[in-house]
Amino acid sequence: MKFTKKQIERYSRQIILKKIGVIGQKKLLKSSVLIVGAGGLGSPIAIYLAASGIGKIGIIDKDNVEISNLNRQIIFSTNDLKKNKSSTAINKLKKINPDIQFKSFNEKLTKNNINQIAKNFNIIIDGSDNFRTRFLVNDYCIDKRKILISGAISKFDGQVYTFNFSKKKSPCLRCFIPNMPTNLDVDNCEYDGILGTLGGIIGTIQANEVIKEILNVGNTLCGYILIIDGLKLTFRKVKLNKRSDCYCNEKKK
Ligand SMILES: [Zn+2]
């Protein structure tokens, strides 16, 4: 793979970084990331990953843009109302960086279609708004030993988790939440409310984690949860232990 003059200029501020360089930028351009949910988290995630030069980006979201989404889903504009989220987001991203291969999935992620959709992506980034999808993505990534960067936001707070299931010691979402919540399909934002900026803070940290995982630089968040209180402005990194009776442990035997 040889950079064009335009690519060297586009990515020059990253290439100049010693921890990235030409080799690192090529790694980014060769990588593939699936974004689950084009919402408050998916918006900044998609924008930053496209701008940074991730070679292949997929977005799955069946919903259409609603006016109540616009306080946080910054990839959409008022004239996008009622349009499908994944394809509308990708149209915006193409304008940011035409260098990238995009794939839109205008469907709901289920047990039946997840492998077909996710198999060609190295990293899955979860920005979904309900537990059913979060657990589905978690279990799939365990089975296929993929890297999962998961995020959650509610009110003024948020969390980020990185699970690298190619490593045997990685815990999973079920290690943190052992008992299946009863409100599997509930969209927290709708009931609890959400300050829009939290999507930006958490989504941008998720995008940052993706880039670090691809480049293999810095300290990975794998094995920890980052808990952010947006009001007190505290960032706590809490160790997440792998539970011996968890699904992720059974799978590794
Ligand atoms: Zn687990």
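Everything numeric here is computed off the predicted structure, so don't read it as measured data. (Residues numbered from 1 in each chain as written. Predicted model: local features only at pLDDT ≥ 70, side-chain atom pairs only at ≥ 80, totals over all residues. Heavy atoms only, no water.)

**Q** Hey, could you run me through helix α7 (residues 131-144) in this one?
**A** An α-helix turns once every 3.6 residues. As a result, residues three or four positions apart point the same way. Here α7 is 14 residues long and its end C-alpha atoms lie 20 Å apart, about the 20 Å a rise of 1.5 Å per residue gives. For α7, the tally of buried residues reaches 11 of 14 residues, placing the bulk of the element in the interior. Those residues of α7 lying buried are Phe131, Thr133, Arg134, Phe135, Leu136, Val137, Asn138, Asp139, Tyr140, Cys141 and Ile142. Capping the start of α7, asparagine 130 holds a side-chain oxygen 3.2 Å from the backbone nitrogen of arginine 132, two or three residues further along. (Helix = DSSP H or I, 4+ residues; strand = E, 2+ residues; numbered from the N terminus. Expected span 1.5 Å × (residues − 1). Buried < 20%, exposed > 50% of the residue type's maximum accessible area, 1.4 Å probe, protein only. Polar contact = N/O pair within 3.5 Å; in protein donor to acceptor, adjacent residues only side chain to side chain.)

**Q** Explanation requested: the nonpolar core in the structure shown.
**A** For soluble globular proteins, the rule of thumb is that nonpolar side chains tend to be buried together. Core analysis: the biggest nonpolar cluster contains 40 residues, and Val33, Ile35, Leu49, Ile57, Ile59 and Val210 have the highest contact counts within it. Secondary-structure elements contributing two or more residues to this core are β1 (32-36), α4 (42-52), β2 (56-60), α5 (85-96), β4 (123-126), β5 (147-154), α10 (196-215) and β7 (224-229). The dominant element in this core, judged by the number of residues it contributes, is α10, at 8 residues. If you look at the next biggest cluster of nonpolar residues, it comprises 29 residues, including Phe131, Cys141, Cys172 and Ile177. (Core = buried A, V, L, I, M, F, W, Y, C linked by side-chain atoms within 4.5 Å.)

**Q** What is the right way to read the coordination of the zinc ion from this model?
**A** Where a metal carries four tetrahedral donors, each ideal angle is 109.5 degrees; where it carries six octahedral donors, the ideal angles are 90 or 180 degrees. Protein-derived ligands of the zinc ion are Cys172 (SG), Cys175 (SG), Cys246 (SG) and Cys248 (SG), with the metal-ligand distances lying across 2.3 Å. Around the zinc ion sit 4 donor atoms, and with donor-metal-donor angles ranging over 99 to 125° the site reads as tetrahedral. Linear spacing of the donor residues for the zinc ion on their chain is C-x2-C-x70-C-x1-C. Each member of the pair, cysteine 246 together with cysteine 248, is buried. (Donors = N, O, S within 2.8 Å, 3.2 Å for Na, K, Ca; no water. Tetrahedral: all angles 85-135°; square planar, octahedral: opposite > 155°, others 65-115°.)

**Q** Explain the packing of aromatic side chains here, please?
**A** Ring pairs (aromatic) are described by centroid distance and by the angle formed between their planes. As enumerated under the stated definition, the model contains 5 aromatic pairs in all. Between tyrosine 161 and phenylalanine 163, the aromatic rings sit 5.9 Å apart at their centres with planes inclined by 20°, giving stacked as the arrangement. For phenylalanine 163, a relative accessible area of 0% gives the class buried. Arranged with centres 5.7 Å apart and planes meeting at 55°, the rings of tyrosine 161 and phenylalanine 176 form a pair that is tilted. Of this pair, tyrosine 161 sits in strand β6 (residues 157-164) while phenylalanine 176 sits in helix α8 (residues 173-176), and the two are 15 residues apart along the sequence. On the basis of relative accessible area, phenylalanine 176 is assigned to the partly exposed category, the value being 34%. (Phe/Tyr/Trp six-rings, centres within 6.5 Å; stacked < 30°, edge-to-face > 60°.)

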